[in-house]
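Each chain is listed here by its residues.
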Amino acid sequence: MATGGRKEVVSDPEAEQKRGGLKSDQFSGLMLVALALYVGWENRVYPVGTLQEPGPGYMPLLLVIFLGAMGLLIALWGARSKPLAAMQWPEATRAVVILVACGFAAFALERIGYRLTVIALLVFLLGVLERKRPVPVALVALGFSFASFYVVGDLLHVPLPRSPWGF
Amino acid sequence: MVETFNDLLLGFSVALQPSILVYAFVGCVIGTLVGMMPGLGPLAGISLLLPATFGLNPIIAIVLLAGVYYGAMYGGSTTSILMRIPGEAASVMTCIDGYAMTQNGRAGPALAIAAIGSFIAGTLGVIGLMLLAPTLAAFALRFGPPEYTALLLMGLFILAYMSGGSMLKTLAMAGLGLLIGMIGIDIMSGYTRFSFNIVELGDGVGIVPVAVGLFGVSEILLTAGGATAPDVQRPKLRDLIPSREEFRLSAGPIARGSLLGFLIGIIPGSAHIISSFVSYGIERRISKHPERFGNGAIEGVAGPESANNAAASGAFVPMLALGIPTSPVTAVMIAAIMVHGVLPGPMLIQQQPELFWGFVASMYVGNVVLLILNLPMVGLFVNLLRIPYSYLYPCILCFCILGTYSVANNLIDVWILLAMGAIGYVLRKFRYDLAPVALGLVLAPMIELSLRQSLAMSAGDYGIFLERPIATTMLVLGLIMFLFALKPLVFKGKDWRSTVGLENE
């Protein structure tokens, strides 16, 4: 579902394949094993119970073993995948900035209300990140914020947070 | 048969009420717009609209959401054909020949055949749903906990076999989803698991923040900053009529796509996506002129578009008859109707026939609405595509936050949304299919409860699954699928994915 438009560096797949180092599937498989180990460690506080009466830790334990096994198999079969170093992350910086901005929005949502939060988020994303001109940015930010609040909050009666100043 | 016909009449008496017709229309329009927007597929659209349905009655709520689902399937094909941008994943295959037809000046017939194929497949799918769901529901009344456990496990095995990518990765993602589903209070012992002292996590992790995060936010993170507004052709109404030869070439693919899509729709996984890939592969394989595919073969539009719409209907069979979601979309729809105190499952058809048959009838109505809506108004809808993506994605992101927060007025859901967006982004970079995560999350409590009940019934003897014929049959079927899925891993052979070109996607 990529929207395209970004130029990707085209490289020779065979040359990439011969490159040494950790492969992408090996890395992701090992990450799943690490996650399974962590959840298994966290699960130790819940009683596993018996076969007759499985406890709250029983099912998570089965799943941790399953996830760990799958992770291990992915890592073992991952030798033919793309090298980890050859993976391209051209959009990663922008993605992190967007996520951090959304994090701030989540933090602000119940403190300064829906409308102000959305205005601030849209001004940042459109004005700072996308470098759009101030007038369209202001129109989109104000229009979207007030229109969505009206439709969702007023017409559909979904309670949305308001600012301490009542707006 | 007479009884089914009478039930359907009851359904039409519900679905043709003006208020329901209005909501079906609104759902179809919203769905079409959602399907056309990159980053907002049917799942994100339904999730975002979910809070708005809380104040409606259950029939209207399900009709509205089903309209969005159908509409998004239609809308996705428009962007695929005109711009080579699949609005949602099931339309990827339509891009190939649909866009080639646009370049050859045949955008109108491609859009028309996509709409007609979708209409025929959708209608045939509803007939299938109408005939199969009551029979399946009656059969499911014999199910106890061991049968449900076996059914759910069989579903996961089939999911692994039918997944679009690596079987191991699909199973790992299903495991991850099941583990996320373990978060919250264990209903049998009262223990709160993996809540990290966050009170709100006691209720578990909701499907909406996970689904919108994995599918909506991750898509934005992958594509933001990548595209400018492309040129869009606006086909005129008179250009839409396909030639007689195009109708003749499309008839077979539409019929095959409808049957195939419906059957694939019943089984778990990203059925509508898989069905379009499989349909395209089959059409190319049986064509007398396979070299035309990729250069504007109308069969390459008719087959996949019919298949993904029939799959959308097929997915409702297990949802309504067994209460089991086979895709993230049906999982969210189950959540939507459970809010109203309606429990999908074998008893639904008996206890609330007006809801079930009203829904079935509304699907017929929805298909007609979409056909009327999509062909004459396609020129109007494509205006949406003129909005630059740099303006569109911040608004979609705000919708994601708004929709997720509104479900329970809970800020923790927004944090889960963002975390899932980040996880989804990374997993997609590593080519993991995300649908099993959402599916695992929804199935987790069902599997755990039925497994523990089964073991309690048998005093811890796993042999209970082999003593009951229905459970044994389902487990054996699932196991056979699993072994088939393992074959290419062990023997380095090719499996069905490579024959339909799925491995490269």
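Everything discussed here concerns the structure shown above.
This structure is a prediction, so every number in the text was calculated from the model and none was measured.

Draft legend 1. Quick peek at the overall build of chain A. Assigned secondary structure in chain A consists of 6 helices and 0 strands. Listing the helices and strands of chain A from first to last along the sequence gives α-α-α-α-α-α. Per-residue burial for chain A yields a buried fraction of 31% across its 167 residues. Within chain A, counting contacts between residues at least 6 apart in sequence, those at least 24 apart form 65% of the total.

Draft legend 2. Up close: the nonpolar core. L65, V332 and A438 of chain B are the most contacted members of the largest nonpolar core, which totals 220 residues. Each residue touching V332 of chain B, except ones within four places of it in the same chain, is listed here: L43, I46, S47, L50, I207, V208 and A211 of chain B.

Draft legend 3. Spotlight on the packing of helix α3 (residues 42-49) of chain B against helix α9 (residues 207-223) of chain B. Residue and element names in this part refer to chain B. Contact geometry of α3 with α9 gives a least axis separation of 9 Å together with a crossing angle of 145°. Note that α3 runs across α9; the crossing there is left-handed. Counting all contacts with α3, which are made through L43, A44, S47 and L48, the residues of α9 involved are V208, A211, V212, F215 and G216. Residues that form the contact of α3 with α9 fall into these classes: 7 nonpolar, 2 polar and no charged.

Draft legend 4. Just helix α5 (residues 92-103) of chain B, in detail. Residues and elements named next belong to chain B. Under the 1.5 Å per step criterion, the end-to-end length of α5 is 17 Å for 12 residues, consistent within 8% with the ideal 16 Å. The element α5 is largely enclosed, with a buried count of 11 among its 12 residues. Where α5 is concerned, the buried positions are V92, M93, T94, C95, I96, D97, G98, Y99, A100, M101 and T102. Directly beyond the C-terminal end of α5, a positive phi value near 80° is found at G105.

Draft legend 5. Just the environment of P164 of chain A, in detail. Residues and elements named next belong to chain A. The residue P164 is located in the segment after α6 (134-155) in this model. Residue classification places P164 among the exposed residues on the basis of 8 C-beta atoms within 10 Å. Remark: the alpha-carbon pair of P164 and A138, spanning 26 residues in sequence, is separated by 23 Å.

Draft legend 6. Representation of the interface of chain A and chain B in the model. Opposite the 55 residues of chain A that make contact, chain B presents 58 residues. Elements with a minimum of two residues in the side of chain A that touches chain B: α2 (24-42), α3 (58-76), α4 (92-112), α5 (114-129) and α6 of chain A. A total of 10 residues in the side of chain A that touches chain B trace back to one element, the largest contributor, which is α4 of chain A. By residue class, the composition of the side of chain A that touches chain B is 36 nonpolar, 12 polar and 7 charged.

Draft legend 7. Structural context of the packing of α9 of chain B against helix α20 (residues 435-457) of chain B. Residues and elements named next belong to chain B. Where α9 meets α20, the axes come as close as 10 Å, and the angle between the chain directions of the two elements is 175°. Considered as vectors, α9 and α20 are oriented roughly antiparallel to each other. From α9, I207, V210, A211 and L214 reach across to α20, where they touch V437, A438, L441 and V442. Considering only residue class, the contact of α9 with α20 consists of 8 nonpolar, no polar and no charged.

Rules behind the numbers
Each chain has its residues counted from 1, following the order in which its sequence is written. Key to labels: chains lettered from A, ligands numbered from 1, both in the order written. Totals for whole chains, interfaces and linings use all residues, but because this is a predicted model, local features are given only for residues with pLDDT of at least 70 and pairs of side-chain atoms are given and counted only at 80 or more. Note on conventions: DSSP H or I runs of at least 4 residues are helices, E runs of at least 2 residues are strands, and numbering of each starts at the N terminus. Each residue is classified by how many other C-beta atoms fall within 10 Å of its C-beta atom, where C-beta atoms are placed from the backbone; a count of 20 or more means buried, 12 or fewer means exposed, and values in between mean partly exposed. In this description, a residue-residue contact is defined by the distance between C-beta atoms placed from the backbone, which must lie within 7 Å. A set of buried Ala, Val, Leu, Ile, Met, Phe, Trp, Tyr and Cys residues, joined to one another through C-beta atoms within 7 Å, is what we call a nonpolar core. Every axis in this analysis is a line fitted to C-alpha atoms, fitted for helices over the stretch in contact. Angles between the N-to-C directions lie between 0 and 180 degrees. Crossing chirality is assigned from the near helix's rotation relative to the far helix, an anticlockwise turn below a right angle marking it left-handed and a clockwise turn marking it right-handed. Ten residues, namely Ala, Val, Leu, Ile, Met, Phe, Trp, Tyr, Cys and Pro, are considered nonpolar, four, namely Asp, Glu, Lys and Arg, are considered charged, and the remaining ones, Gly among them, are considered polar. Multiplying one less than the number of residues by 1.5 Å gives the expected span of a helix. Oblique is the label for any angle not under 35 degrees, not over 145, and not in the 65 to 115 range, which are roughly parallel, roughly antiparallel and roughly perpendicular in turn.

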